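Now for the letters of each chain:
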Amino acid sequence: MRTAVMTEVRKPWTIKTLPDPRPQPGQVLIRIRASGMCGTDLHAHHGVMPVPLPIVLGHEPVGEIVEVGAGVDGLRAGDRVGVSWTQKGCGRCRFCQERRESYCAEAQTWVHMGGGNSELMLAWASGCTLVPQGLSDEAAAPIFCAGYTVMSGLRNAAPKPGERVAVLGLGGLGHLAVQYAKALGLEVFALTGSAAKKDEARRLGADQVIVAGDDLGRALLDAGGADVILGTTNSAAHATQALRGLRPEGRMVNMGLVDGAIQADPMHFLSNQVRLVGSRQNQRRDLVEALVLATSGKVKPMIEVYPLDRVNEVRDRLEAGKVRYRAVIKH
Ligand SMILES: [Zn+2]
Ligand SMILES: [Zn+2]
């Protein structure tokens with residue numbers, strides 16, 4: 001199988017031909033068709049998120065099961081599936097008993113199994129979710145991290161009908177956050193520091209686009225504030241500013257790995273009883289909901305498609321902020 005291997009931090013990934021793996025009991029072998037590239041891959045590449053080396057990255061994989069290991073129920077060869085970040089827990093700790101395997105200290109992820117930048121990939125069957133018919137491989141791939149994360153963020157914010165959602169950051173996650181919030185029938189503001197993104201945000205369905213100068217929170221308050229802020233930015237400064245734009249009892253859900261501490265204005269925090277919520281991929285039902293909305297056409301991932309041979313170029317493009325909005329490797 002041809003595979004892009006990361007062997008060192010900050011060095012180009014190497015295309016290698018490795019022996020085809022065989023699934024162990026409980027695992028499946030997937031012929032990968034499409035795999036999205038996420039901002040977290042950059043964090044791994046730069047050593048900000050330490051990973052054991054060598055490693056194959058790519059945690060938005062979609063493909064066809066070609067072999068099923070012993071003891072796998074429910075999945076068959078020929079099934080089209082994607083794989084979640086967390087694939088399997090120890091099965092015995094409190095979190096596993098509660099089906100919250102992502103908190104398990106022994107959780108198995110792509111870091112242990114290898115990712116989708118490869119023609120073939122092993123995964124635990126318990127980490128696989130069927131891709132609905134009618135959703136293409138390349139559109140499905142970004143749902144397995146970006147879409148899932150955004151839907152969990154929305155569910156963690158628990159917006160009520162009539163509430164206003166502001167999306168901070170318009171990248172791989174943010175462009176989906178606007179669409180998912182809209183698909184749930186909410187009023188959606190896009191919050192950006194870049195005037196160039198105004199028309200794009202409108203096309204994605206934002207009811208209003210706030211292009212803020214030096215204070216996103218002030219600009220949001222001037223526009224009436226928000227009940228929910230979906231934070232997808234990497235900038236702690238922008239997240240800090242935006243937090244002050246919450247209405248009373250508002251929730252800011254932060255999904256980006258920000259580059260520092262988010263600061264709360266003590267008086268605003270206290271008197272308005274606002275909440276700052278961390279969010280990642282949560283319940284599997286959030287992923288299924290995200291897939292269903294994408295299949296219905298209410299949410300359309302905007303993607304650029306590249307072959308595996310160009311994986312280093314794609315990573316550099318992502319790092320330079322040039323990807324609109326998700327790059328997908330197609331095998
Ligand atoms: Zn990701
Ligand atoms: Zn466990």
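Per chain, residues are indexed from 1 in the order of the written sequence. Here the convention is simple: chains get letters from A, ligands get numbers from 1, in the order in which they are written. Restriction of local features to residues with pLDDT of at least 70 applies here, the model being predicted, together with a cutoff of 80 or more for giving and counting side-chain atom pairs; totals for whole chains, interfaces and linings are based on all residues. Values shown for side chains rest on all heavy atoms present in the structure; no hydrogens or waters enter the calculation.

**Some thoughts on helix H12 (residues 311-319)**
Given 3.6 residues per helical turn, the α-helix brings residues three or four places apart onto the same face.
Okay, so step 1: The complete set of buried residues in H12 reads Val 311, Asn 312, Val 314, Arg 315 and Leu 318. Buried residues along H12 cover an arc of 160° about the axis, so they all sit on one side.
Okay, so step 2: Any two residues whose heavy atoms approach within 4.5 Å at even a single point are treated as in contact. Elements are defined by DSSP. Helices are runs of H or I of four residues or more, strands are runs of E of two residues or more, and each kind is numbered from the N terminus. Where H12 is buried, its residues meet strand S1 (2-5), strand S2 (14-17), strand S3 (27-37), helix H1 (39-45), strand S16 (303-307) and strand S17 (326-330).
Okay, so step 3: Gly 321 occupies a position one or two residues after H12 and carries a positive phi of about 75°. Buried means the residue's accessible area, taken with a 1.4 Å probe over protein chains only, is under 20% of the maximum for its type, while exposed means over 50%, and partly exposed covers the values in between. What the arc covers is the set of directions going from the helix axis to the C-beta atoms.

**Looking at the packing of aromatic side chains**
Okay, so step 1: Classification of ring pairs rests on two measures: the distance between centres of Phe, Tyr or Trp rings, Trp counted by its six-membered ring, which must be within 6.5 Å, and the angle between planes, read as stacked under 30 degrees, edge-to-face over 60 and tilted in between. Within the structure shown, the criterion is met by 2 aromatic pairs.
Okay, so step 2: Here Trp 85 and Trp 110 contribute two aromatic rings whose centre-to-centre distance is 5.5 Å and whose plane-to-plane angle is 85°, an arrangement assigned as edge-to-face. Of this pair, Trp 85 sits in the loop between strand S5 (80-83) and strand S6 (86-88) while Trp 110 sits in helix H3 (residues 110-113), placing them 25 residues apart in sequence. In terms of burial, Trp 85 and Trp 110 fall into one category: buried.

**Some points on the environment of Gly 114**
Okay, so step 1: Inspection of the secondary structure assignment puts Gly 114 in the loop between H3 and strand S8 (120-124).
Okay, so step 2: Each residue touching Gly 114, except ones within four places of it in the same chain, is listed here: Val 56, Met 121 and Leu 122.

**As for helix H6 (residues 174-183)**
Okay, so step 1: H6 sits mainly inside the fold: 8 of its 10 residues count as buried.
Okay, so step 2: Here H6 has its buried residues at Gly 174, His 175, Leu 176, Ala 177, Val 178, Gln 179, Tyr 180 and Ala 181.
Okay, so step 3: Contacts made by the buried residues of H6 are with helix H5 (146-157), strand S10 (164-168), strand S11 (187-192), strand S13 (226-231) and helix H11 (284-295).
Okay, so step 4: Gly 185, located one to two residues past H6, shows a positive phi value of around 85°.

**Observations regarding the coordination of the zinc ion (ligand 1)**
Okay, so step 1: Taken together, the protein ligands of the zinc ion (ligand 1) are Cys 38 (SG), His 59 (NE2) and Cys 145 (SG), with distances of 2.0 to 2.2 Å.
Okay, so step 2: The donor set comprises N, O and S atoms within 2.8 Å of the metal, extended to 3.2 Å for Na, K and Ca; water molecules are omitted, so apparent gaps in a site may simply reflect that omission. Donor residues for the zinc ion (ligand 1) sit on one chain with the sequence pattern C-x20-H-x85-C. In this pair, Cys 38 is assigned in the loop between S3 and H1 and Cys 145 in the loop between helix H4 (137-140) and H5, connecting sequence segments 107 residues apart.
Okay, so step 3: Residue Cys 145 is classed as buried on the basis of its relative accessible area, which comes to 6%.

**Overview of the nonpolar core**
Okay, so step 1: Residues belong to one nonpolar core when they are buried, are Ala, Val, Leu, Ile, Met, Phe, Trp, Tyr or Cys, and are joined through side-chain atoms within 4.5 Å. Residues Leu 135, Ile 143, Val 165, Val 167, Val 178, Tyr 180 and Leu 230 are the most contacted members of the largest nonpolar core, which totals 44 residues.
Okay, so step 2: Elements that contribute at least two residues to this core include exactly H4, H5, S10, H6, S11, S13 and H11.
Okay, so step 3: Of all the elements, H5 adds the most residues to this core, at 6 residues.
Okay, so step 4: For the domains described, the bounds stem from an automatic or database domain assignment. Mapping this core onto the domain boundaries places at least three of its residues in each of domain 1 (2-144 + 282-330) and domain 2 (147-278).
Okay, so step 5: Membership of the second largest hydrophobic core comes to 21 residues, among which are Met 49, Trp 85, Leu 318 and Ala 327.

**Some thoughts on the coordination of the zinc ion (ligand 2)**
Okay, so step 1: Listed as protein donors to the zinc ion (ligand 2) are Cys 90 (SG), Cys 93 (SG), Cys 96 (SG) and Cys 104 (SG); their distances from the metal cover 2.3 to 2.4 Å.
Okay, so step 2: Bound by 4 donor atoms, the zinc ion (ligand 2) shows angles of 105 to 114° at the metal and therefore tetrahedral coordination geometry.
Okay, so step 3: Counting gaps between the donor residues of the zinc ion (ligand 2) yields the pattern C-x2-C-x2-C-x7-C. Every geometry call rests on angle ranges, with four donors termed tetrahedral when all angles are between 85 and 135 degrees, four termed square planar and six termed octahedral when opposite donors are over 155 degrees apart and all others are between 65 and 115, and everything else termed irregular.

**So, the pattern of salt bridges**
Okay, so step 1: Definition used for salt bridges: Asp or Glu carboxyl oxygen within 4 Å of a side-chain nitrogen of Lys or Arg. All told, the structure shown has 21 salt bridges when counted by the stated rule.
Okay, so step 2: As a salt-bridge pair, Glu 138 and Lys 330 come within 3.4 Å of each other at their nearest N and O atoms. With a gap of 192 residues between them, Glu 138 in helix H4 and Lys 330 in strand S17 connect regions that are remote in the sequence.
Okay, so step 3: For Lys 330, a relative accessible area of 34% translates into the label partly exposed.
Okay, so step 4: Here the salt bridges do not stand alone but share partners, grouping Arg 33, Glu 64, Arg 80 and Asp 137 into one network.

**Section: the domain arrangement of the chain**
Okay, so step 1: Structurally, the chain comprises domain 1 (2-144 + 282-330) and domain 2 (147-278).
Okay, so step 2: A C-alpha centroid distance of 27 Å is found between domain 1 and domain 2.
Okay, so step 3: When two parts are put together, the accessible area they lose, computed with a 1.4 Å probe and summed over both, is reported as buried area. Ranking the residues of domain 1 by area buried against domain 2 places Asn 282, Val 299 and Tyr 325 at the top, with a combined share of 31%.
Okay, so step 4: Applying the counting rule to domain 1 against domain 2 returns 2 salt bridges.
Okay, so step 5: Put simply, Glu 200 and Arg 324 hold a salt bridge, and the shortest N to O gap is 3.7 Å.
Okay, so step 6: Contacts described as polar in this section are N or O atom pairs within 3.5 Å, which, within protein, must combine one atom able to donate a hydrogen with one able to accept it, while residues neighboring in sequence count only if both atoms come from side chains. Taken together, domain 1 and domain 2 are joined by 13 residue pairs in polar contact (both at pLDDT 80 or more).
Okay, so step 7: Ten residue types, Ala, Val, Leu, Ile, Met, Phe, Trp, Tyr, Cys and Pro, are classed as nonpolar, four, Asp, Glu, Lys and Arg, as charged, and the remainder, Gly among them, as polar. Residue composition of the side of domain 1 that touches domain 2, grouped by class: 12 nonpolar, 4 polar and 7 charged.

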